[in-house]
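# Coordinate inspection notes
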Amino acid sequence: MPDSTADGSRSLVVGAFRRTFAHTESRLLKTYVLVSALLGGLLTLLLLLALPVWVLETAGGSVLATFSRAFLIVGGVLLLVALVAPVVLAGRRHARGTASARADVSLALAGYLFVLSLYASLLISAPPDQRGAPPALLAPAVEFLYSLPTTFAVAPPLVAAALIGVVYRVAR
């Protein structure tokens, strides 16, 4: 069976990572390729380690417990998709020959904003007894995030993921 991508990889994601890293002239996008690969691997490992624990803790529970197990998988996959989307989208543009330096930088910035949104989401959802004193420079922003209700924790990643789509459409 022939390879499905020009760089010899059968995986869309691996091929996009290789292509993007090799063909972009943007150092910012190259660093995002590395950062997203590292964070994606760590997130995948975290999900794989959390799933058995979550299944054991919710075994024999209600339908809601079963739904929560499915939500862990779906939520984790959605986070991974948004994390690698800038790299895949940039790789797609490079494969089609429609890539530009401006688009590469814009996608990298949107990707880094998504990573920051994950951190903001963690701050919003942190239990009160686990909250530490933030550095003085960041204290106002961190205290604001601590003050938000935990249900708002999904908002930053959703907004940042939507921004990745907007950047892909606008930046050419």
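See the structure above.
What counts and what doesn't
- Residues numbered from 1 in each chain as written.
- Predicted model: local features only at pLDDT ≥ 70, side-chain atom pairs only at ≥ 80, totals over all residues.
- Heavy atoms only, no water.
- Helix = DSSP H or I, 4+ residues; strand = E, 2+ residues; numbered from the N terminus.
- Buried < 20%, exposed > 50% of the residue type's maximum accessible area, 1.4 Å probe, protein only.
- Contact = heavy atoms within 4.5 Å.
- Areas by Shrake-Rupley, 256 points an atom, 1.4 Å probe, with all protein chains shown as cover.
- Lys, Arg positive; Asp, Glu negative; His and termini not counted.
- Charge placed at Lys NZ, Arg CZ, Asp CG, Glu CD.
- Expected span 1.5 Å × (residues − 1).
- Axes fitted to C-alpha atoms, helices over the stretch in contact; angles between N-to-C directions.
- Parallel < 35°, antiparallel > 145°, perpendicular 65-115°, else oblique.
- Nonpolar A, V, L, I, M, F, W, Y, C, P; charged D, E, K, R; others polar.
- Patch = residues over 30% accessible without salt bridge, like charges linked within 9 Å, V, L, I, M, F, W, Y side chains within 5 Å.
- Salt bridge = Lys/Arg side-chain N within 4 Å of Asp/Glu carboxyl O.
- Polar contact = N/O pair within 3.5 Å; in protein donor to acceptor, adjacent residues only side chain to side chain.

### Structural notes on the overall build of the protein chain
Counting its secondary structure elements, the protein chain contains six helices and zero strands. When the elements of the protein chain are put in sequence order from the N terminus, they spell out α-α-α-α-α-α. By its C-alpha atoms, the protein chain is 50 × 45 × 25 Å across when sized along the principal axes. When burial is assessed residue by residue, the protein chain has 37% of its 172 residues classed as buried. Across the protein chain, the fraction of contacts at a sequence separation of at least 24, relative to all contacts at a separation of at least 6, is 67%. By element, 74% of the accessible surface of the protein chain is carried by carbon and sulfur atoms, the whole surface being about 10,600 Å². Between the averaged position of the 13 positive side-chain charges in the protein chain and that of its 7 negative side-chain charges there is a distance of 11 Å.

### So, helix H1 (residues 12-23)
Compared with an ideal rise of 1.5 Å per residue, which puts 12 residues at 16 Å, H1 spans 16 Å between its outermost C-alpha atoms and is within 8% of the ideal. For H1, the set of buried residues is Gly-15, Ala-16, Phe-17, Arg-19 and Thr-20.

### Concerning the packing of helix H4 (residues 101-125) against helix H6 (residues 155-170)
Between H4 and H6, whose axes approach to 8 Å, the crossing angle comes to 175°. Taken together, the axes of H4 and H6 lie roughly antiparallel to each other. Where H4 approaches H6, its residues Ser-106, Leu-107, Ala-110, Leu-113, Phe-114, Ser-117, Leu-118, Ala-120, Ser-121 and Ile-124 are matched on the opposing element by Pro-156, Pro-157, Ala-160, Ala-161, Leu-163, Ile-164, Val-167 and Tyr-168. Residue composition of the contact of H4 with H6, grouped by class: 15 nonpolar, three polar and no charged.

### Digging into a positive patch on the surface
Taken together, the side chains of Arg-92, Arg-96, Arg-169 and Arg-172 present a region of like positive charge at the surface. One can find Arg-169 in helix H6.

### Structural notes on the environment of Arg-27
Here Arg-27 is to be found in helix H2 (residues 27-58). On a C-alpha basis, the gap between Arg-27 and Val-105 in space is 8.4 Å, while along the polypeptide they are 78 residues apart.

### Quick word on the side chain of His-94
Among the secondary structure elements, His-94 is positioned in helix H3 (residues 63-96). Accessibility expressed as a relative area gives 18% for His-94, which makes it buried. A distance of 2.9 Å separates the side chain of His-94 from the side chain of Asp-104, its partner in a polar contact. Once residues lying within four places of it in the same chain are set aside, the contact partners of His-94 are Arg-19, His-23, Thr-24, Ala-99 and Asp-104.

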